[in-house]
Every structure is written in C-alpha cells, then in structure tokens.
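Residue strings, one per chain:
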Amino acid sequence: MQDNNQPNSAAPEAEQPAAKRQRRTSGNEWLRSWAWKREHRPDKVRFDRPYSHGMRLPDGEEAKLTVHQARFREQGFASTVWDSSIVLAKLFERQAAAVQGKRCLDLSAGCGLPCLVLAKLGAGAVVATDLAPNLPLLRKNAEANGCAIQVLEHSWGEDVAPLGPPFDIIAACDVMYVAEAVEPLVASLCALSGPHSRIYISHGRNRQAEPQFLAAAGQHFTIQTVPSEDLDEVYQCADVDVLLLTLKEQKDEKQEKSKQLSEDATSPRAAAAVHVLAADIREASTSGRTSRSVQSAVFMAAGAGGAAVNPSLATRNRKTELDLEEPSPAVRRLVQAFEALLPPLASAPGGAGLLQEAWTALLGRVLTGASIGSQLSSRVLHQPACADERLAPARRALADCAAQADAVLAGLRADDAAVVALEAMQRVAVRLTLPFYSTSGALHVLPWLEHAVWVHAPSLRPSGLAGQPAYQSAAGSAVAAALNHLAAVHQVLEDATRSLPEAARESVAVGVLAAAGAAIMQAHLHAGTAEELLTLRCLQPLSAADAGKVSKLVSALLQALAPLTRDARKLGAAAEFLERGARILRLPADGWARAMWAVLSSLRL
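Residues numbered from 1 in each chain as written. Predicted model: local features only at pLDDT ≥ 70, side-chain atom pairs only at ≥ 80, totals over all residues. Heavy atoms only, no water.

A. Region of the structure containing unusual backbone geometry. Residue P165 is joined to P166 through a cis peptide bond whose omega torsion reads 0 degrees. Positionally, P166 belongs in the loop between β5 (149–153) and β6 (167–173). Although it is not a glycine, L536 sits at a positive phi angle of roughly 60 degrees. Note on placement: L536 falls in the loop between α26 (527–534) and α27 (544–560). On the accessibility criterion, L536 (10% relative accessible area) is buried. Positive phi, close to 55 degrees, is recorded for R586, a residue that is not glycine. Structurally, R586 can be placed in the loop between α28 (570–584) and α29 (589–600). The exposure class assigned to R586 is exposed, which follows from its relative accessible area of 58%. (Helix = DSSP H or I, 4+ residues; strand = E, 2+ residues; numbered from the N terminus. Buried < 20%, exposed > 50% of the residue type's maximum accessible area, 1.4 Å probe, protein only.)

Right, dumping it as structure tokens:
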C-alpha cells in the first residue's frame, strides 16, 4: 500500500548553496521539503501501512521501494522507518556513482531502507545486520523489493568475522541512544572498517548518547558533518544530521599516550570532554550556523547564553526538551490536526500562505472566540482566489483541520484553550523549523505568532513591513542583556521557592515572565491588566524578605527591557524573550504559553 504523503518525484537538481538556502525558506518549496517527514504521523501511517519510497535508479528510471513496518510492541524501534534513514537513503542516491560496485554494510538496519537503496543503486554486495528478533522483517523487505541482501545477526562489540569486513561503505541510523552501548558500537565500527572505509551515521531525535559517542569515536575516526548542501535538497531537516567517519592514520601508541597525558586539563577539548571540530565552532561563532553534530556539546558548555552566539542552538535544544516532555492529550490532538495540513498544502499554489491563515484562525479562536472554521470560511475558503480546482485538496484539508481543532478546544475553559493552542503552535513550529529566522536566537514560531496577532490587532503592525514576513529583531543585544538579568532572578527564585510545591514554584516563575512581557507591551495593553501583572502579585507565596529580594532584581530586569518597548517589532521581541526566558526559569512546555497568554489576553484589540 502506498503512503500517499510521500513526494513521488526525485529531488530537484543541485543548486548553488546560497540559492538552495534561499529556496528552502520560500513558500511552497519549504512546505514540500517537510511533507515527507514521518516521525509524528499517526500510527496507521507509521506502522500499519508499508512505507513507499520513490527513488531514481542510476539509469534514470524511477523505482518504488515498499518497506513493511510493524508496531513498537512487536519489534521495538527497529520496526519503523525513521526520518534519519530517509535522509541517508536520499544521500546515497545523490552519490550513486560512488556506491556502484562497493561492498556495503547497513549496521543495525531495522526496516532496512538504506540497504535496500544501496542494493538498487548497484552496490557490489550488501550486508544488513540487526538483532535476531528484527531479522524476519528485514528479510521480508529485502525479498519484497527483489534485493540481494545478506541478512545477518550482529550485536555491537561481538565478533565481526562472519560479516566479512572490511566494508567500503557502512551505514548506520539512530545508533546514539544509549550511553552504555557506545563502547561496543565503536568497537564494531573499528573492526568493520578499513583505511578506505566511509562510515555514514545518520541520527535524529534519538541521540541521548551523542556526546559520549563523539568522544569515543573521535579517538579512532576523523568525524565530519555532511553539509546540508551535499544532502538531498528536499529530503533533509533541522533535526537530522549525517556524520562521515573515516579511520585516522595509525600513530605510535607511546607518542599518542604521551600527547594525551600532556594535554592541559583546562583546554576546551578536555573541558567539554567531547570531540569537536574547530571549523564547526568557528562557523557557529561567526555565522550563526553550526554543524548540528556538535550542537548539544556546545550548548551544554555555553549554557543559556550560548544561544546569543549560535541561534540555532536555541531551537535545537528547545525541540529536544519538547520531545522529551509528553504533551497533554488536547495539545497532541491539536498538533496532529495542524501537521496533517502539510502534505496537501505542499502541493497547493500559495500553500505557505494558507498555512499562515490556519495559524491566524487558531489564534483568533482564543483571542475573539470565533470558531476556526468560520474564520477560514469567511477569510479564505469562500474567497474567489481559493476557488481554483487545484486548491480542492487544500480546502478539504483546511476544513478538516478546523473541525478537529474546534472540537479539541470546545470542551476547554477559555484560558486553558488559549494555553493549549499556544503550546501546540510552539511544538509544531519548533518541530518543523518554520522558514523564518532570527539573528538573535528567536524560535521559528515567533514570526507566525506575530503575524497572526497583527490580523487581530492591526495597531501592533509596524509600518512599512508589507510583504516582509521574517522577524529580524533589531534588539538582540537588549534581549541578551535582559536574559542575563532574568538568570539572576532565577538564582534567587530557586532558593526562595524551594519549600513550595512544584505547581506554586512554576506559578511564581510564570508571573515574573508575564510581568516582563507586560513591560515590553505596556503601551498596547489594557491599563488595569498591565498594572496587575507589573505589581508582581505572583510573589505573594514568598516570605517578605524573599519577595523583596526578587522584586529588586525584577525591577532591574524591567529596566533592561526598556529598549524593547521602542522596538518596531516589540511583539516579536516579547515573544522571543518569553520563550527563551521560560527555558532559563526551567518552566515546562506550557510555561511560555501561560506567560504569553497573560500578555496576549491583555491586548487592546
């Protein structure tokens, strides 16, 4: 059975890097680049249906691979096609000439997509390994696609002689998830490779042991991150990296040990305790972009301030936090409703604009109470521009999304519905890395939120911004300075709220954050509610002495925020500060949403 959510055509021809980056941040091209992602699809798509993978063979013909899947309870994580395996498979397709005739290994192959692609591209021999319970599904997929693949059992760290090393190309996907398994994994990689072997490791969200792996593998291999320009233009995403490992030249063991002993314990490498690439760090500090294989290590070393130097770290770190924190049922259903829009809108003329309209209607639901369906109907679906027959699937998708979203929010109190909507908006935007970028570390949700609010509060829209959707904060230094003050508030709050229940601690922190947002947006808020937020009634659970200490620090914080009140894009600046501030205050996923709603609900619409 075909998964109709997958693009059928091969990736477009390569372009120059600058052109590609520009292309990926524009309209429908961006939507198409995300329509292929699978990890957050409904279970029926993820497990019950075979995955249909379109590819182009070396002779130019189109081919379809059918990859059968299974439920987690049957075969664990090896039972489904992960985004990382699709990215790696598409990379091999781009390198078809380098694959032909080579001996290839798919280590811990799972469903086997990369090894199936290697076989179809003309590899000389393909071996695929996994644990014994996962082999039947792997063999089934090899047979179903007519691929001559040798399927063998292998546990990391055990004898590799039965596999027939060394291999020219070794593929592995999502293998950095358990720290205890790093040592045997690296042992297998060393034993399976030779001087000319190229090891490709593609990894997505399941990378909890990435720092340990980089440290261990860095002792034996040269590690590079495959640049995004070398990946397939469509089949790549912000949360999947591909590493290229090659064996280092063997050095005299005594000389190497002497060098290690003499290495200063305070050096950056020793302090980070991970293998990092100087080029990556230089790029991160100068351009705001980084090879994501080292982002987690850099962020941990730099702390919250690291985002000021490398904005992409803020998004990556927040996404990891959101993935680890299970959303409420209402948030999950709302996320699924909006993610289901991506495939149909990807093929629709003006699909990116229609997605923005859906976000705007969602925010309108919580700001004005008008149903999402009625807003889309009057503003979009019944407009002449939407009558084009090519937009029929998009119209149906928007109507379905509106019906599902309205049903989710219908049973909730107004404030609860608002928090659910904002958290869902944040989760989808961070997960999909929406095509707007802030030089000061803002998350990609913020411009969508900003533009949605402008529809309902036109007085907030700065003049001269027609046709300019991207939020480029002119107040990055002010945001960074204010965040430093917030960090000082957090230190005192930690001690002051230690004896309070967790819910009370979070309520105090949300109140402080909401006061900061109110200070930025005060000129656009109802006077009474602004005053309520700025009087810091949230500090009442604290002792008088502790409340005094916190209040003094918050006053300094509000002073530091003063430049943001004059920023033309103050709404975006406020949303950015609150989102990053929620992480500093260690609030859960709905912390930013609660603070943001305190500000939005006080707007003079």
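Having seen the structure, we can now continue with the description.
B. Spatial organisation of the sheet that holds strand β3 (residues 103–107). A sheet is described by the order of its strands in space; here 7 strands give the open sequence β5-β4-β3-β6-β7-β9-β8, paired in mixed fashion. A strand with exactly one partner marks an edge of an open sheet, and here the two such strands are β5 and β8 (221–225). The average undirected angle you get between the axes of adjacent strands in this sheet is 20 degrees. In this sheet, strand β9 (residues 241–247) lies alongside strand β7 (residues 193–203) in antiparallel orientation, the contact comprising 5 bridges. Across the sheet, the residue bridging to S202 is V242, located in β9. (Pairing = 2+ DSSP bridges. Axes fitted to C-alpha atoms, helices over the stretch in contact; angles between N-to-C directions.)

C. Fine view of the pairing of β6. For β6, the buried fraction is high: 6 of the 7 residues fall into the buried class. For the crossover that starts at β6, traverses helix α9 (residues 182–192) and ends in the parallel β7, the hand is right-handed. (Right-handed = clockwise from strand over helix to strand, strands pointing away.)

Shape is all these values report; function is a separate question.
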